[in-house]
Amino acid sequence: MLSRPFTTIENQWITLADGTRLAARIWMPDGAETDPVPAVFEFLPYRKRDGTSPRDESTYPVFAAAGIAGVRVDIRGSGESDGVIDGEYTELELANACELIAWIAAQPWSNGSVGMMGISWGGFNCLQVAALRPAALKAVISIASTTDRYNDDIHYKNGCHLSAQLSWAATMLAYQSRAPDPEIVGDCWRAMWMERLENEPFFLEEWLAHQRRDAFWKHGSIGEDFSAVAIPSLVIAGWADGYRNTPLLAVEGMPDRSKALIGPWIHKYPHFAWPKPRADFHGEAIAFWNRWLRGETNGTDTVPQVRAYILDAVKPAPRRDVDPGFWIAKDKWSQPEMQIFYVEAFGSLTEGQPIPHAPAHPVTLKSPLDTGTAAGEWFTLKPDAELAGDQRGDDAGSLTFQTAPLPHALDIFGRPELSVMLSSDAPVANLIARIVDMHPDGSATRVAFGVLNLTHRNGNAEPQPMVPGEPTPIRLTLDACGYRFRPGHRIRLSLSSAYWPMVLTAPFDAELTLDIASLGLALPKLGEHQTFEMKQPDNPSPLPAYIEHAPSETRRQVLRDLSANRTDYVIYEDTGLFEHPGTGLSTRQVRDEVWSISPGDPQSMTGTSVWTCDMQRPGWFIRTISTSRIACTETHWLISASVVAYEGETKVFAKTFPEKAIRRDLM
């Protein structure tokens, strides 16, 4: 691989047409002024100076050494950029991105071809910008992203309200409350900081104003019109992350211009993600950029349309550093053949179609409202208790049906589907389905899951209340998975009416009645494929080492107070205090979050997320403490937030977002 000298420009001001200065960090191959190069652009609110600097420094120097410039820009109101952020993926943000792409292409060091890349926020907006078709944007690499902002993001899922919505609103409130670095912006840092603190929004207010899939969520969802994205895309995700559906949806929607790569990973770039095995992201990306930004003929076009890691009888564990499995490839993706299971009269899951006109076999389901504490996080940043744990505890509050021990291995790849006739005694209720691998020793691994607010059974745009007591046909599509069930293992289907705290409670403690004679479970067969060996990263430890002043710490606990009849789900995440050796800036973030519920009272649900963010250098220290809360009544969501800021020991700012009652919209 080419190894070209390069220069790192720590800060480059880019002035937009409206006068706003955005801050960029650029990795520039030497000699680009006389031998122009392509550029890769990433546009985020996560602070290039400290927030994303480790991962930026793991990748952009490698790109620059390969003759590709890297341009990492902070969205307005973030890091050292002027202004105040106005929301997620707004028209202003996307217009700014298009303007920045034109700026990059016009530079004397640019060959006029720009790629856009990112994970999560940056993965979202690179697809959204591609749909706007700026002339110089030639290709995108999107990691852990979505084509459907309503159903495959941290807000809602099939009409269910995800707890990640509060968690992420709290995160963004904390992130945006941090100050710019005085070493870059100079004496105006304090005025910029105060402007942000005074004017930053509490995102949850806007998100809760849109509880169904309306124009707000359709904006930026490229699944509304895949044809708008006319350039090649490489779409990457991990089975251990919440964004696992996107690669297959992308190749279904853009089969002639999209490639999918799915590994065992959490919400991280593939070259340093867990669980292992990893992938040579640098090699993949450089070949992709050289093909589409330089016109190099290098075989990237012939890469199979879908490559995926099939998990092989993974066991739940406190930490999963390596997941067993094997890599497969499909030259062309097509909807898989389904293997159908039904429930026999005595409750076992059996291969075959449900018996036509079988007598109804009603079974009631009313899960304790704290069922779901083994679900893990919706999107995962570490391969520890953030991942789904042993499912036996959650199965105790669920209806379960399982096969006999399998005589042969069964490999699945795609999205399972559940169909059943059911009724509810309440107008609003949730249904959760999980596919579980039951190991011979009794341990239980969650393979796939799906959630559905039953009022969204006919779509997310116009939910309809359930008619209490009326049998209603339900179809639930679970999230994508790739998994091998080994011989001797059992496949379990687990159904529950609660999945807390991942899914916030419905307004009623509903009882469901399921006709299990009507129940059908369809598992997608792996089908024809090739196996291959994925190239591993050249550098097994690509992240830079920073100076540790205080260690990191993680705690995740489920506390059940039997006397008070209350369950608390407690999250404590401390990044530790680390100093960037090049800038001298030390940062630390602490997340202290508690979810509480009484297992029989849906109105008892509360969530509180407190973030403490520190930035410091010798003689300079700032701290912000932001608090975000949610509670509920039968008819309303109750939300509030506050931010307090300190310079040294002095409180310099305090703001409260007063409690708002937002009506529940069949949710």
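Look up a bit, the structure's there.
Residues numbered from 1 in each chain as written. Predicted model: local features only at pLDDT ≥ 70, side-chain atom pairs only at ≥ 80, totals over all residues. Heavy atoms only, no water.

Caption draft 1: Molecular detail of helix 1 (residues 53-65). For helix 1, with 13 residues, the first-to-last C-alpha span of 18 Å sits near the 18 Å given by 1.5 Å per residue. Buried residues dominate helix 1, accounting for eleven of its 13 residues. Among the residues of helix 1, those classed as buried are Ser53, Arg55, Asp56, Glu57, Ser58, Thr59, Tyr60, Pro61, Phe63, Ala64 and Ala65. Of the surrounding elements, those touching the buried residues of helix 1 are strand 1 (6-15), strand 2 (21-29), strand 3 (37-44), strand 4 (69-74), strand 5 (110-119) and helix 10 (281-294). Looking one or two places after helix 1, you find glycine 67, whose phi comes out positive at around 85°. (Helix = DSSP H or I, 4+ residues; strand = E, 2+ residues; numbered from the N terminus. Expected span 1.5 Å × (residues − 1). Buried < 20%, exposed > 50% of the residue type's maximum accessible area, 1.4 Å probe, protein only. Contact = heavy atoms within 4.5 Å.)

Caption draft 2: Inspection of the packing of helix 1 against helix 10 at higher detail. The geometry of helix 1 relative to helix 10 is characterised by a closest axis approach of 11 Å and an angle of 45° between their N-to-C directions. Considering their axes alone, helix 1 and helix 10 lie oblique with respect to each other. Helix 1 and helix 10 meet at a crossing whose hand is right-handed. Packed against helix 1, whose contacting residues are Ser58, Thr59, Val62 and Phe63, the element helix 10 presents Phe281, His282, Ala285, Ile286 and Trp289 at the interface. For the contact of helix 1 with helix 10, the residue count by class is six nonpolar, three polar and no charged. (Axes fitted to C-alpha atoms, helices over the stretch in contact; angles between N-to-C directions. Parallel < 35°, antiparallel > 145°, perpendicular 65-115°, else oblique. Left-handed = near helix turned anticlockwise from the far one by under 90°. Nonpolar A, V, L, I, M, F, W, Y, C, P; charged D, E, K, R; others polar.)

Caption draft 3: Quick look at the packing of helix 2 (residues 91-106) against helix 3 (residues 121-132). For the pair helix 2 and helix 3, the least separation of the axes is 10 Å and the interaxial angle reads 75°. Considered as vectors, helix 2 and helix 3 are oriented roughly perpendicular to each other. Residues Glu93, Leu94, Ala97, Cys98 and Ile101 of helix 2 lie in contact with helix 3, whose contacting residues are Trp121, Asn125, Gln128, Val129 and Leu132. Of the residues belonging to the contact of helix 2 with helix 3, the class tally is seven nonpolar, two polar and one charged.

Caption draft 4: Layout of the nonpolar core. Ranked by internal contacts, the top residues of the largest apolar core, which has 193 residues, are Trp289 and Phe413. Considering each element in turn, this core owes the most residues, nine residues, to helix 4 (residues 164-176). Dropping the residues within four chain positions of it, tryptophan 289 is found in contact with Val40, Phe63, Ile68, Gly115, Met116, Met117, Ala139, Val140, Ile141 and Arg294. (Core = buried A, V, L, I, M, F, W, Y, C linked by side-chain atoms within 4.5 Å.)

Caption draft 5: A look at the side chain of glutamine 339. Tracing the backbone through its elements, the reader meets glutamine 339 in strand 13 (residues 338-343). Overall, glutamine 339 belongs to the buried group, its relative accessible area being 12%. When residues no more than four places from it in sequence are discounted, the contact partners of glutamine 339 are Glu351, Leu410, Leu521, Ala522, Leu523 and Lys525.

Caption draft 6: Molecular detail of the pattern of salt bridges. This model, assessed by the stated rule, comprises 53 salt bridges. Among the ionic pairs, aspartate 56 bridges to arginine 72, the shortest N-O distance being 3.5 Å. In this pair, aspartate 56 sits in helix 1 while arginine 72 sits in strand 4, placing the two residues 16 residues apart along the sequence. In this structure arginine 72 comes out as buried when scored by relative accessible area, which is 0%. Of the charged contacts in the structure, one is a salt bridge between lysine 382 and aspartate 384, with a shortest N-O distance of 3.9 Å. For aspartate 384, a relative accessible area of 14% corresponds to the buried category. One salt-bridge network, held together by shared partners, links Glu377, Lys382, Asp384, Glu386, Arg556, Glu573, Arg591 and Glu593. (Salt bridge = Lys/Arg side-chain N within 4 Å of Asp/Glu carboxyl O.)

Caption draft 7: Spatial organisation of the packing of aromatic side chains. Going through the model one piece at a time under the given rule, you end up with 31 aromatic pairs. Between tryptophan 265 and tryptophan 327 the ring centres are 6.0 Å apart and the planes differ by 50°, which places this aromatic pair in the tilted class. Here tryptophan 265, found in the loop between strand 10 (258-263) and helix 10, pairs with tryptophan 327, found in strand 12 (residues 325-330); they are 62 residues apart in sequence, far enough to count as distant. Residues phenylalanine 288 and tryptophan 289 carry aromatic rings whose centres are separated by 5.5 Å and whose planes lie at 70° to one another, so their mutual orientation is edge-to-face. The exposure class of tryptophan 289 is buried, given its relative accessible area of 0%. Cluster of aromatic residues (ring-pair linked, three or more members): Tyr46, Tyr89, Trp121, Phe124, Trp168, Tyr175, Tyr243, Trp378, Phe379 and Trp611. The side chain of arginine 149 reaches across the aromatic face of phenylalanine 216, ending 5.4 Å from its centre. (Phe/Tyr/Trp six-rings, centres within 6.5 Å; stacked < 30°, edge-to-face > 60°. Lys NZ or Arg CZ within 6 Å of the ring centre and 35° of its normal.)

Caption draft 8: Seen up close, the sheet that holds strand 20 (residues 444-453). Reading across from one edge, 16-23-19-20 is the order of the four strands in this open sheet, with antiparallel pairing throughout. Each of the sheet's edge strands pairs with one partner strand only, and the pair in question is strand 16 (399-402) and strand 20. Put simply, the sheet's adjacent strands are angled 15° from each other on average, direction ignored. Here strand 19 (residues 430-438) pairs with strand 20 via nine bridges, running antiparallel. In the sheet register, isoleucine 435 faces strand 20, and the bridge partner there is alanine 448. (Pairing = 2+ DSSP bridges.)

Caption draft 9: Molecular detail of helix 2. For helix 2, with 16 residues, the first-to-last C-alpha span of 23 Å sits near the 22 Å given by 1.5 Å per residue. Of all the positions in helix 2, only Glu93, Leu94, Asn96, Ala97, Cys98, Leu100, Ile101 and Ile104 are classed as buried.

Caption draft 10: Highlighting the state of the cysteines. This structure, assessed with the given rule, holds zero disulfides. For cysteine 160, which is in no disulfide, the shortest distance to another cysteine sulfur is to cysteine 632 and amounts to 14 Å. (Disulfide = S-S within 2.5 Å.)

Caption draft 11: Just the side chain of asparagine 290, in detail. Mapped onto the secondary structure, asparagine 290 falls in helix 10. If we ignore the near neighbours within four places in the chain, the residues touching asparagine 290 are Ile68, Gly295, Glu296 and Asn298.

Caption draft 12: Spatial organisation of the pairing of strand 24 (residues 512-524). Counted residue by residue, strand 24 has eleven buried out of 13 residues, so it is predominantly covered. Both strand 13 and strand 24 contribute to a ladder of five bridges, which runs antiparallel. Among the inter-strand pairings, glutamine 339 is bridged to a residue of strand 24, identified as leucine 523. Where strand 15 (residues 362-365) meets strand 24, four bridges bridge the pair, whose relative direction is antiparallel. Residue pairing for strand 24: leucine 365 is matched across the bridge by leucine 512. Here seven bridges tie strand 18 (residues 417-424) to strand 24, and the two strands are oriented antiparallel to one another. Pairing of leucine 418 across the sheet is with leucine 521, part of strand 24.

Caption draft 13: Spatial organisation of unusual backbone geometry. Following lysine 276, the chain continues into proline 277 via a peptide bond in cis, with omega recorded as 10°. Looking at the secondary structure, you find proline 277 in the loop between strand 10 and helix 10. A cis geometry characterises the amide bond from tryptophan 500 onward to proline 501, with omega recorded as 5°. The phi angle at asparagine 158 is positive, at roughly 50°, despite the residue not being glycine. Mapped onto the secondary structure, asparagine 158 falls in the loop between strand 7 (156-157) and strand 8 (160-161). The phi dihedral of leucine 666 is positive, around 50°, even though this residue is not glycine. Structurally, the position occupied by leucine 666 is in the segment after strand 34 (650-663).

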